[in-house]
Amino acid sequence: MRIRKILAVALTMAVMPAIPTAFAADAELFSGTYTAESFTVDAENGVTFEQDVPDGDYTVTVKTGGDTETNANIYINGGERVRVYTLEAGETQDNEQPVVPKDGKISVQVLGTNPNVTEIDIEQLPDRTEPGEKITIYIAGDSTAQTYDYKNVFPQTGWGQVFGDYFTDDVVVENRSMGGRSSKSYNNDGRLDRILTEMHPGDYVFIQFGINDGAENKPERYISVEDYKELITNKYIGEVEKRGGIPVLMTATAAAWWDEENNCFMESRADYADPTRELAAELGVKFIDINRIMTDEWNIMLKGDVLSGYFICEPLESKAYPDGTDDHTHLKAKGAKRIAKMIAKAIPENVPELAEYLKGDEEFTDISGHWAEDMIKQLASVDMIQGDGKGHFNPENTVTRAEFLKMVMDATGVVPHAYRDGECSDASADDWYCYYLQGALDKGIVSGKEPFDGNRAITREEMAALAVNCMDLIILSEMKEEYKSKAELNGTSTFTDAQMIDPEYDEAVAMAAAYYIIDGYKDGTFRPTGTLTRAEAVKVAQYMNGVSWMFTVEF
């Protein structure tokens, strides 16, 4: 039955002669259109076609569809480019793919119970001999670098997703990483061909694989070390260099594997990291050994701080994994930013031509001599706070309720949660703070009984309530009782304007004073209804961050 269907396709195609290979007169570019007479059709291999072509970059379009239902699966140069799809009778589909020839040929294979291939077009692209308007950095990698849609998979983040934050506007970062890919499957998917057919001379391609390459139980991914080295050498590096690009080879990111016996993070991913190191030395290409950089860095950091950057999630934190995860490979935003920053810091030594385009750490020009200068610098150095991107921190500007909520949650390690529609009264999935608000609701930091009003400037008494509710989550119970007794003893009597505090916030202000989060102004006032400045918010966050290291509990 299958044979009859495939042969029927070939026999019912429009009887058109194959258009012979032609060259565009003005640019001498290869161009060919091929129909039924050019294809080979059999039961086992489906529709197959092969064409010798000049060296260069191409677009191949496989056209399918007809009077009968179409079922097709398209391979180009041996790699699966278009997964199985079905068209109803009368429907057509043009499958356009970027292609780099393999051994001087372009081969097409279409499988399926009824492929309905009507035409294959091959068009050579003009050579790109001039640099692009801006230098482009392409990232070819796997899920540890991938860009994620937070609406679907919060809080998973890839380092490539945030890598562009460390460069000036003179550089474009194109993150083409994709989860589940090895060097083999990434190439077979046509993802590398897409980069090669787009890039310009002077562009960079950061190449990072090695996590999925050794998956022997997944043949679409598995590639032996010998074949890995050959593929990286000839295709990833060779073809990039042929187009005037600069390949940057990288080892895979390190996993957070803890060695209980030796009380340290152990080496990881060595099965392909070591061959990658060998390859870099043999070829003399630009190389960033991020695996080793990370491992060394992890072993001078606190274990808990390292793990906080990995995709280790409590229940409700991840939309994709509502019961939680224990993933020591993938990353949250905190870990992705750390790794992206490490790679950026390695650029001056390993890819010096890109160094002039690095932003460097943000320096604020408006905090010199300010009473909170040192605190602002400290929290900025660990990416807990940011400026306006123009060199200003604006210490005397007000802080919104959402901004302060994020600051105190980050300072105490209280994680945001995946947003759930309809639970955050006046916030939606489009609000940047929706994940923090969802986490705050789930943990009781805010009640949810009234609209959160995240864009309104926070008052000082509201600040006290949010801060104390965060502190209550991290302080050990015996310590909490001690602070509570102190609050009950002193109340808000230390403030000369205590009578102005709304009764709703009286207890919170007393606890905030007991926690030493607040100490009022020099004139003895607390000014409960006054707005909080960014500098004052930093002072609160810094104290809370310090306390979170000393007296914390596991959530």
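Structure: see above.
What comes next is a walk through the structure.

## Observations regarding the sheet that holds strand 4 (residues 46–52)
Spatially, the 5 strands line up as an open sheet ordered 3-4-9-6-7, and their pairing is antiparallel. In the strand order of this sheet, the two ends are held by strand 3 (40–42) and strand 7 (79–87), each with one partner. Going from strand to strand, the sheet's axes swing by 15° on average, the running direction of each strand aside. Bridging between strand 4 and strand 9 (residues 105–114) involves 6 bridges; their strand directions are antiparallel.

## Considerations on a negative patch on the surface
Together, E450, E481, E488, D502, E504, D506 and E507 line one region of the surface with negative charge. Of all the elements in the fold, those that place two or more residues in the negative patch are helix 15 (477–490) and helix 16 (503–514). Ranked by residues supplied to the negative patch, first place goes to helix 16 with 3 residues. Within the fold, E507 resides in helix 16.

## With respect to helix 11 (residues 373–381)
Those residues of helix 11 that sit buried are E373, M375, I376, L379 and A380. Seen along its axis, helix 11 keeps its buried residues to an arc of 165°; they face one direction.

## What about the packing of helix 12 (residues 401–412) against helix 13 (residues 434–443)?
Following both chains from N to C, one finds helix 12 and helix 13 inclined at 65°, their axes separated by 10 Å at the closest point. By the criterion of interaxial angle, the relationship of helix 12 to helix 13 is roughly perpendicular. Here the hand of the crossing between helix 12 and helix 13 comes out left-handed. For the pair formed by helix 12 and helix 13, the contact residues are L405, K406, M409 and D410 on the first element and Y436, L437, G439 and A440 on the second. Residues of the contact of helix 12 with helix 13, tallied by class, amount to 5 nonpolar, 1 polar and 2 charged.

## Re the pairing of strand 7
Here 6 bridges tie strand 6 (residues 70–76) to strand 7, and the two strands are oriented antiparallel to one another. Looking at the pairing, I74 lines up with V82 of strand 7.

So, how was this worked out
- Numbering of residues starts from 1 in each chain and follows the order in which that chain's sequence is written.
- Note on the predicted model: pLDDT of at least 70 is required for a residue's local features to be given, and 80 or more for side-chain atom pairs to be given and counted; whole-chain, interface and lining totals, by contrast, use all residues.
- Values reported for side chains reflect all heavy atoms of the structure, with hydrogen atoms and water molecules removed beforehand.
- We call two strands paired when DSSP finds no fewer than two bridges between them.
- Strands are runs of DSSP state E lasting at least 2 residues, helices are runs of H or I lasting at least 4, and numbering of each runs from the N terminus.
- For helices, the fitted axis covers only the stretch in contact; all axes are lines through C-alpha atoms, and the angles between them, taken along N-to-C directions, range from 0 to 180 degrees.
- Here a patch means residues that are over 30% exposed by relative accessible area and free of salt bridges, tied together within 9 Å if like-charged and within 5 Å if nonpolar (Val, Leu, Ile, Met, Phe, Trp, Tyr).
- Note on areas: Shrake-Rupley, 1.4 Å probe, and residue coverage restricted to the protein chains presented here.
- The term salt bridge refers to a side-chain nitrogen of Lys or Arg lying within 4 Å of a carboxyl oxygen of Asp or Glu.
- His residues and chain termini do not enter the charge count, which takes Lys and Arg as positive and Asp and Glu as negative.
- For the purpose of locating charges, the reference atoms are NZ of Lys, CZ of Arg, CG of Asp and CD of Glu.
- The rule is simple: take the accessible area with a 1.4 Å probe, protein chains only, and divide by the maximum for that residue type; under 20% is buried, over 50% is exposed, in between is partly exposed.
- Arc, as used here, means the arc of the directions from the helix axis to the C-beta atoms.
- Here is the rule for angles: anything less than 35 degrees is roughly parallel, anything more than 145 is roughly antiparallel, 65 through 115 is roughly perpendicular, and the remaining ranges are oblique.
- The crossing is said to be left-handed when, going from far helix to near helix, the turn is anticlockwise and less than a right angle, and right-handed when the turn is clockwise.
- Whether two residues touch is decided by their heavy atoms; if any such pair falls within 4.5 Å, the residues are in contact.
- When residues are sorted by character, Ala, Val, Leu, Ile, Met, Phe, Trp, Tyr, Cys and Pro go into the nonpolar class, Asp, Glu, Lys and Arg into the charged class, and all the rest, Gly among them, into the polar class.

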